[in-house]
Amino acid sequence: MFVSFANSVAYFVATCSIVVIHGLNGHAQRSFTHPKTGVYWPQDLLPKQVPTGRVLTYGYNAGVGNISDGQNVLDIANQLIVNLKDHRREKVKELAVAGLEATPHCGSDLANFGSVIAGIASAFVDTPKMLLKTLAKNSSALYDVSREFATVVHELQFKLVSFYELDAFKPPWWGGPSFVVVEKRSAVLGLPGEEVVAVHADHRDICRFESAEDMNYRPVWIRIEDFATEAARKLGEREGVRLARQPVHKSGFQEAVVVKEVEAGLSEVSMSKVEGPSSRNRHWKVPFPPCASFTGRAALLQKMVNYFMQSISEGQRRFAIHGLGGAGKTQLALMFAFRHRAEYSGVFFLDADSENSLRDDMSRLHDELELGCPGDKIGATKRWFDLDANSNVNWLLIFDNADDLGSYQLTDYFPLSMHAHIVITSRDPNARELTPDGLLLEMMEPSESRDLLISRAGLTNPTEKDLLEIDEIIEKLSYLPLAIDQAGAYIRTRRCTPAAYLRQFNTRQDRVLKFSPKLSQYNKSVITAWEVSFARIELDSPIAAKLLLLFCYLDSRRISSSLLECVTSPVAKVDDEGEVVEMLAEENGVSPELVDLVMDEDAFEEAIERVEGFSLVREFTEAMGERDVRVFSLHPLVAFCGRSRATQAQKREAAEQAICIVGHSFPEWSTDFSIFEFGRLIRSHLPRCLSYIDQPAEFGSSLGHLAKKLLLIIYSIRTIQLMGVMTARTQDDIQLFATAQRLLKKYADPYLDAVATFLRARDMGDAMEAERVIVDFLKSAGAEHGIDPLNPSHRGRFNATLGDLAITLAGLRRSLHRPSPPDALLSAWAPLNPASPSTTERNAKWYRDRTVGSYLVAANRSADAERLLVAHVAEFADCGMEGTDEHLAGTDQLASLYIAKGEWGRAEEVLRPALAKAKELNRDKAAWHVLYSEIFMQLILTNLEKYDEAEYRAYALAEFLRESRHMPDLTASALYTTLSLLARIAHEQCFYDLAASRWQECATLGHSLDWPGDPDLNIPLCALEAIEFESGRKGACGKGEFEEWRARLRRGGGREFLGVVAGEWKRRLEERMRCVCEGLM
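Anyway, here's the lowdown on the structure attached to this text. (Residues numbered from 1 in each chain as written. Predicted model: local features only at pLDDT ≥ 70, side-chain atom pairs only at ≥ 80, totals over all residues. Heavy atoms only, no water.)

Attention now goes to the overall build of the protein chain. Within the protein chain, the secondary structure is distributed over 44 helices and 21 strands. Look at the contacts in the protein chain between residues 6 or more apart in sequence, and 74% of them connect residues 24 or more apart. (Helix = DSSP H or I, 4+ residues; strand = E, 2+ residues; numbered from the N terminus. Contact = heavy atoms within 4.5 Å.)

So, on to the pairing of strand β19 (residues 580-583). Residues in a regular strand point their side chains to alternate faces of the sheet. Of the pairings in the sheet, the one linking strand β18 (residues 571-574) to β19 comprises four bridges and is antiparallel in character. Within the sheet, the bridge partner assigned to Lys573 lies in β19 and is Val581. Linking two consecutive strands that pair antiparallel, namely β18 and β19, is a turn of five residues; a positive phi of about 90 degrees is found at Gly578 within it. (Pairing = 2+ DSSP bridges.)

Counted under the stated rule, the structure contains 29 aromatic pairs. Judged by centre distance (5.2 Å) and plane angle (45 degrees), the ring pair of Phe209 and Tyr217 falls under tilted. For the pair Tyr307 and Phe308, a centre-to-centre distance of 5.0 Å together with 65 degrees between the ring planes defines the contact as edge-to-face. The exposure class assigned to Tyr307 is buried, which follows from its relative accessible area of 9%. (Phe/Tyr/Trp six-rings, centres within 6.5 Å; stacked < 30°, edge-to-face > 60°. Buried < 20%, exposed > 50% of the residue type's maximum accessible area, 1.4 Å probe, protein only.)

Backbone geometry follows two general trends: most residues other than glycine have a negative phi, and most peptide bonds adopt the trans configuration. Even without a glycine there, the phi angle at Glu370 is positive, about 55 degrees. Tracing the sequence through the fold places Glu370 in the loop between α11 (355-368) and α12 (377-386). Note on Glu370: relative accessible area 71%, which makes it exposed. Of note in the backbone geometry, Cys990 takes a positive phi value of approximately 65 degrees without being a glycine. Looking at where Cys990 falls in the secondary structure, it is placed in the loop between α40 (968-988) and α41 (992-1008). Residue classification places Cys990 among the partly exposed positions, given a relative accessible area of 38%.

Right, let's talk about a negative patch on the surface for a bit. A surface patch of like charges, here negative, comprises Glu586, Glu587, Asp596, Asp600, Glu601, Asp602, Glu606 and Glu609. Inspection of the secondary structure assignment puts Glu606 in helix α22 (residues 601-612). (Patch = residues over 30% accessible without salt bridge, like charges linked within 9 Å, V, L, I, M, F, W, Y side chains within 5 Å. Areas by Shrake-Rupley, 256 points an atom, 1.4 Å probe, with all protein chains shown as cover. Salt bridge = Lys/Arg side-chain N within 4 Å of Asp/Glu carboxyl O. Lys, Arg positive; Asp, Glu negative; His and termini not counted. Charge placed at Lys NZ, Arg CZ, Asp CG, Glu CD.)

Structure representation (structure tokens):
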């Protein structure tokens, strides 16, 4: 067996001897010593990996002083053979393994350069001219040496591994650019069976390794170990000695080499004791090692160790590694095998991609073991594992790529031996059913992903900017090991920066993901990694393939089953007249085929099982309201590849269906509308669906006819946010709204134009500018004086939006100190048919009435306001809308009117039945209007000194909010307010210790929400100070101290919800403190 590398070293490995040889201008020790760590790997590392081998070094000097100018490479090789014969007293033909690293078989550009300048610059290149001539490209002498060596390799059946350098090198005496000294074509002989390994190092460092974890060291020691093991086995067979199988965990002391520095000749070394395994496995049938850039996964490897090596288990042990293609399943299994090979009598790697490939591997194993049963190779091989059932043996069998478990029975190929350890790698999660233990191989951790990319890209000293860009890369690749490995290979191969890779990825993603490093063991690109899985699904289940492609066109990370279930039932929509109609999914453009699939539970489950069977889709559950729902998820790169491989017609159909499903699922009208469920179902899908509207090149034509479906949803989201349902407006919301505005300019619609104008005006901080926007729209729409009866687009729904605009315009003018009389707003807008308004017009009328009521109160016309609001609240009973948001908003306003008049009892009478109706409707407690009304009710009860009921309701609400999974921007403020009420209730009753603990909890919550410095924190802090004085723990409060305290107190209470309770409590607290200061308390 022979190994060839590509720099300045050679290894001759005999039965148990390893000879390390430096190259021209090298040194027996310095050539192999890392300049930073000082690690001399033949001494410090290799004996631990190959404890049965004896390491020797061969030193010689290629300098002018020691080699005559007539000497060539062949002369040096002959000297080595003589030294070996003298040292070992063996014949040359008895050498079992030999290796050559860094020998330029076809010549070197550097040597060619050296031969030119040797006569005039020997001081720079201290090598004899004859040797330089031998190394010159295409030299006849080197050709003769290579040809003769090729003959020897063939005749003696040497195994050959050639390593070659990938990184450029710049000698200190060279003034030109860096270059690769020995190129691949010079380093590789091209012989049959030759294994070629690329090393990410330059000419000088290819044979220097920083530590045992050095990625370049692993492929070197693994191959030396393979050769040593094979040599030992063959020698034992020649001598008629059968190696005994050793206990799995037995260990002993082996002799390891301590190399002496030598200048010439072969040197054996003195021995030191190093602990190591006492025997090697007899059979090693693994086609390739783990990739050199393997990193991380320590916890997963330890899980395998715990199962196979440490746990007590009767019977055969089986372990499944399942997950998405490209997640690193095979690499994990290989790494386990390589790290623990000494603990097995044999390791066998079998290709289980199909039954044919598995039978081929089992048959090949039969022949290699010379079992002699050609009629039943599979059975004979399985029985062979059982022959030594009573011996202390241990086999490791890896069944790799067992992805299509439904096509054949994998367990038929398992041996019966209780001493077998079996590892299955599969994309099919059902592989776990064949094993007692296993793991789902997830994406890498961010830190592991970063390390992998840096290692694979060969970035030795990345800058802070590089690290930020690397983090962005791994995030875009969603931490998929295959994608990260190939991104690193792309950066190294193309010699680009992380920033350049990002630019390419963002602009030419398809091209970047098709990149496949030529030297990789895994010859598939990211974009083709799942092609077989996609193709099999298309062949076996066309409907499952359609469902999978639909998933690729939605937000692939989070597809709720509730979204899909929406297609099975009608959804409330609003027509142009402003009336609510129930529409079927098919009427909204969803294909009948998809509706039938979702409605047929068995067919749907079969389709899901098919796509989950290749780990292309994963499933989990999450809470939504009171129930848990199924959520399907695809890795973003899987979704991208699914879109990339589809035909244009398939792309168009899938994109249209994604838009229609999202559009259908949104209820444009609901008496019990929940923003939370709506957001979970729809929100994340909108940006992707919007991106499909204007891509005629992608889909053959524009999908503009579907734009209105998405714009309706986006404007509805913003309306809900503005009109009181307090969800956070994120940067994504702002970007989404801006995209909608751009689309609206291209796909104009009178109703949507009106809604967009309303939202723009409400968003503006400048009242005059907002007024101008509304007036300009009314002019352009011909609606300055209301509906234009001759305009066909001016119908009920459009008129309802005009009502919203009229109310907004009135509010803007009031803020600009140009208010119209409240009654003028009543006449400024009305439904087209006041006696029978459409549903949306009725809602606009209710909004108008509440607004006018507040204006009447401000104008000191409380009696008029009360009459209007009482009539307003009564309307909800007439139309069956009690307990809805609109009803709660009206009763809140009427209750506020009574509170302003000091009539707390009447306020309770109005609000209590409205909340009872909301409870009957099973309204979500976290819905904004329900929360507001409930807190309002607690305030009323507190002021009526109904402390027990107020405390009971506040405590129950606080517990609910603490456990709530709803959006924190809504619940945090409500919880803070509820805790404030609980604290006030204790404070009012002079339970000072309890009140202090509750006020402190309020302050702690405020700080945890990053509110330090917020004026609202003044309320609990001032209350805590007041308790100190009220309880007598502090002395008298001076007037100046009181004034400073009161100023701080009055600044608090502006936050949403808190404003409901703060005003009354601040007045009460200030009164209590004044009593303290005046000695009345």
